[in-house]
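Understanding the architecture of this molecule
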Amino acid sequence: MNDRWWVTATASLVAAALLCLTPAPAFADDIGRSKDKDHALELQRHLQDSRAAHDRAVLHLEELRGRLAERREQSTAATEKARDASAGVDKSPGVLDAVSDLVTGNDDLDRAHDVARNAEHLQAMTAILERGVKEARRDVRVTAKELATASTAAQQLKGAEAARASARLAREWSTLPADYRASNTAQDQRNRRAIKRWHAQLSQMAAAELTPPTARELEQARLPGQLRQLRDRTGRVVPGAAIVRGHDARTFEVVPDTTVRVVSTALASLGVRADENRSCAEFLQQAWGVAQVDVPSDAPAQWESLTAVSKGHPVVGDVVFFRRDEGHGIGIHVGGNEAVALDEPSGEVAVVAVPSKAVLAVRRVTLSPDRGLETDDVPDVVTQGCEPPPPVATVPAGGPAAGPAVVSGLSWNFPVDEGRYVMSAGFGNAGTLWSSGRHTGQDFAAPMGTPVRAAAAGRVSIEQSSWAGQLVRIDHGGGLETLYAHMSRVDVASGATLEAGTPIGAVGSEGNSTGPHLHFEVRSKGVAMDPMPFLSGRGVS
């Protein structure tokens, strides 16, 4: 086998191994993937051991080749000398002369014998070295095979990690719902441009095999993996964000995993007409609530409590306070001097233009307070123009959960008694668990068997559904109805007329459910609406 082929193959395998040994970046859900990391470290150690063994075998082979070449030259020279010595002895004048030479001390014959023995010794050593070279070549083949196997395993693990990263990004991405409608053509185009821009950024992250890092990782002095510091136009570090160089040699910004979730959810809400009683500050609170991040519900508190950063370089997901024709707005920055916010004229969630001169302040929700700038005093404009109109109905003094709320002649109760539930998935949450891509109700997580009550008076109908299991509908008249899904038990009959607060069954986990809870919906003429304004007395029938 050609020796040069082994050198070339060895170099190729070592290069492949070095590529496979590049450490994977630390990602957001490290806790859930600790076993994968342990496996990856084990594979990397095995790959390093295989590479070291292969390198030692190659060095041994090269050493033996050098010694063999040297011995072959010596053996050839010794053989020629032995032949010459033998020829000289054969040409001596006869037996008597030879005996005479021995008596007088002529040692040509002894020298001939020594040369012959030396030649035989060198030939034997050469044969031993040749066997050693064959064994070394076999060792190189074995270690090369082990190295290739280890490299393949590392590449497969890296490919699996990339697939998981892409899957996680795909889960964060939500397309526009089927019933998406923008207020006009210009707004529709602006919305779709923002979605396309965000989709491109997620695609870049997936192509770079990068899972969005945590906010804490982005605040480290040394960023993990392939992440590099993001800097503004003046060269100052932009805290809480990073950049990565993609496969096309261009860089793109990277934001924390929670920000990715919030931006995806906000863009999935485009075109949705907001509750007329919800303020722009409450919209921001609900958007960040999807990522389980607590944000105040009023604009001044958001201004003061969220971490202030430079207005000159906002990143995707930043909270932007901006001036508009009347008062101010608050939105989620989505790049291109645009933000997702409540659009006052249309009353819908929309991408709105935010010129740099209109920006009042920028806040980075995921950034630690000690990494931010000093907060300015709240300007008067922030206390105006972003508040909801007065509610259309009053809530009893005891609060929405303490007694029935009156909405358009109906008295409303919470469907699960106070203190017996935890509110989980809210209305409008985006995700792959729901067929439409958005959650159409409010979930009340509660133990199996917890009593469920009619939220308002009406007529009962009962269904069996693949997504809901046992489903109770209550028709309240005027096209308004409530739905109670996943119930473990139904205690009422179809056609029964109930009052608000009447027990109708128990919490369960039937159908498309990840655990015991009540999925509660309010629908007006077949269109799902946020249940909370109805339960709190601010809804309309």
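Scroll up for the structure.
Throughout what follows, the structure given in this document is the object of discussion. This one's a predicted model, so the numbers in the text were calculated from it and none came from an experiment.

**Some points on the pattern of salt bridges**
Here the structure, examined in full by the defined rule, presents 9 salt bridges. Between aspartate 232 and arginine 236 there is a salt bridge, with its nearest N and O atoms 3.5 Å apart. The buried category is assigned to aspartate 232, whose relative accessible area is 16%. When its relative accessible area of 54% is taken as the criterion, arginine 236 is described as exposed. Across the salt bridge formed by arginine 473 and glutamate 481, the nearest N and O atoms sit 3.0 Å from each other. Of the two residues examined, arginine 473 and glutamate 481, each falls in the buried class. The structure contains a network of salt bridges with shared partners spanning Glu463, Arg473 and Glu481.

**Section: the side chain of histidine 486**
If you trace the backbone, histidine 486 turns up in strand S17 (residues 480-487). Take histidine 486: its relative accessible area is 3%, and that puts it in the buried class. A distance of 2.6 Å separates a polar atom in the side chain of histidine 486 from the backbone oxygen of glutamate 510. Those residues in contact with histidine 486 that sit more than four places away from it in its chain are Trp467, Ala468, Gln470, Val507, Gly508, Ser509, Glu510, Asn512, Ser513, His517 and His519.

**Comments concerning the packing of aromatic side chains**
For the coordinates displayed, the defined rule picks out 7 aromatic pairs. Look at tyrosine 421 and phenylalanine 444: their rings are 5.1 Å apart centre to centre, the planes differ by 80 degrees, and that puts the pair in the edge-to-face class. Of this pair, tyrosine 421 sits in the loop between strand S11 (410-412) and strand S12 (422-423) while phenylalanine 444 is found in strand S13 (residues 442-445), placing the two residues 23 residues apart along the sequence. Judged by its relative accessible area of 18%, tyrosine 421 is buried. Cluster of aromatic residues (ring-pair linked, three or more members): Phe414, Tyr421, Phe444, Tyr484 and Phe520. Between arginine 363 and the ring centre of tryptophan 303, over which it is positioned, the NZ or CZ distance is 4.8 Å.

**Description of the sheet that holds strand S3 (residues 251-254)**
Pairing is antiparallel across the open sheet formed by 3 strands, whose spatial order is S1-S2-S3. Both outer strands of the open sheet, strand S1 (228-231) and S3, are each paired with one neighbouring strand and no more. Averaged over all pairs of adjacent strands, the angle between their axes in this sheet comes to 50 degrees, without regard to strand direction. By the bridge criterion, 3 bridges tie S1 to strand S2 (residues 237-245) in an arrangement that is antiparallel. What sits directly across from arginine 228, in S2, is isoleucine 243.

**Concerning a negative patch on the surface**
Together, Asp298, Glu304, Glu374, Asp376 and Asp377 line one region of the surface with negative charge. Mapped onto the elements, glutamate 304 comes out in helix H8 (residues 299-305). Residue classification places glutamate 304 among the exposed positions, given a relative accessible area of 54%.

**Let's talk about the pairing of S13**
On a regular strand, one side chain projects to one face of the sheet and the next to the other, so that they alternate. In this structure, S12 lies alongside S13, joined through 2 bridges in antiparallel fashion. What sits directly across from valine 422, in S13, is alanine 445. Note that S13 and strand S21 (residues 517-524) share 4 bridges and pair antiparallel. Each residue of the ladder has a partner; that of alanine 445, found in S21, is histidine 517.

**Structural notes on the nonpolar core**
If you look at the biggest cluster of nonpolar residues, it comprises 50 residues, and the most contacted ones within it are Leu227, Leu267, Val319, Phe321, Ile330 and Val340. No other element matches the 6 residues that helix H7 (residues 280-289) contributes to this core. The residues contacting phenylalanine 321, other than those within four sequence positions of it, are Ala299, Gln302, Trp303, His328, Gly329, Ile330, Ala358, Val359, Leu360, Ala361, Arg363 and Val382. Tyr421, Ala454, Leu498 and Leu518 belong to the second-largest nonpolar core, a separate cluster that totals 27 residues.

**Some points on the packing of helix H5 (residues 185-207) against helix H6 (residues 257-268)**
When two helices pack together, their arrangement is captured by the angle between the axes and the distance separating the axes. One way to put it is that H5 packs onto H6 with a least axis distance of 11 Å and a crossing angle of 150 degrees. Between H5 and H6, the angle falls in the class roughly antiparallel. With respect to the hand of their crossing, H5 and H6 are arranged in left-handed fashion. Residues Ala194, Ile195, Trp198 and Leu202 of H5 form the contact with H6, whose participating residues are Val260, Val263, Ser264 and Leu267.

Rules behind the numbers
- Residues numbered from 1 in each chain as written.
- Predicted model: local features only at pLDDT ≥ 70, side-chain atom pairs only at ≥ 80, totals over all residues.
- Heavy atoms only, no water.
- Salt bridge = Lys/Arg side-chain N within 4 Å of Asp/Glu carboxyl O.
- Buried < 20%, exposed > 50% of the residue type's maximum accessible area, 1.4 Å probe, protein only.
- Helix = DSSP H or I, 4+ residues; strand = E, 2+ residues; numbered from the N terminus.
- Polar contact = N/O pair within 3.5 Å; in protein donor to acceptor, adjacent residues only side chain to side chain.
- Contact = heavy atoms within 4.5 Å.
- Phe/Tyr/Trp six-rings, centres within 6.5 Å; stacked < 30°, edge-to-face > 60°.
- Lys NZ or Arg CZ within 6 Å of the ring centre and 35° of its normal.
- Pairing = 2+ DSSP bridges.
- Axes fitted to C-alpha atoms, helices over the stretch in contact; angles between N-to-C directions.
- Patch = residues over 30% accessible without salt bridge, like charges linked within 9 Å, V, L, I, M, F, W, Y side chains within 5 Å.
- Areas by Shrake-Rupley, 256 points an atom, 1.4 Å probe, with all protein chains shown as cover.
- Lys, Arg positive; Asp, Glu negative; His and termini not counted.
- Charge placed at Lys NZ, Arg CZ, Asp CG, Glu CD.
- Core = buried A, V, L, I, M, F, W, Y, C linked by side-chain atoms within 4.5 Å.
- Parallel < 35°, antiparallel > 145°, perpendicular 65-115°, else oblique.
- Left-handed = near helix turned anticlockwise from the far one by under 90°.

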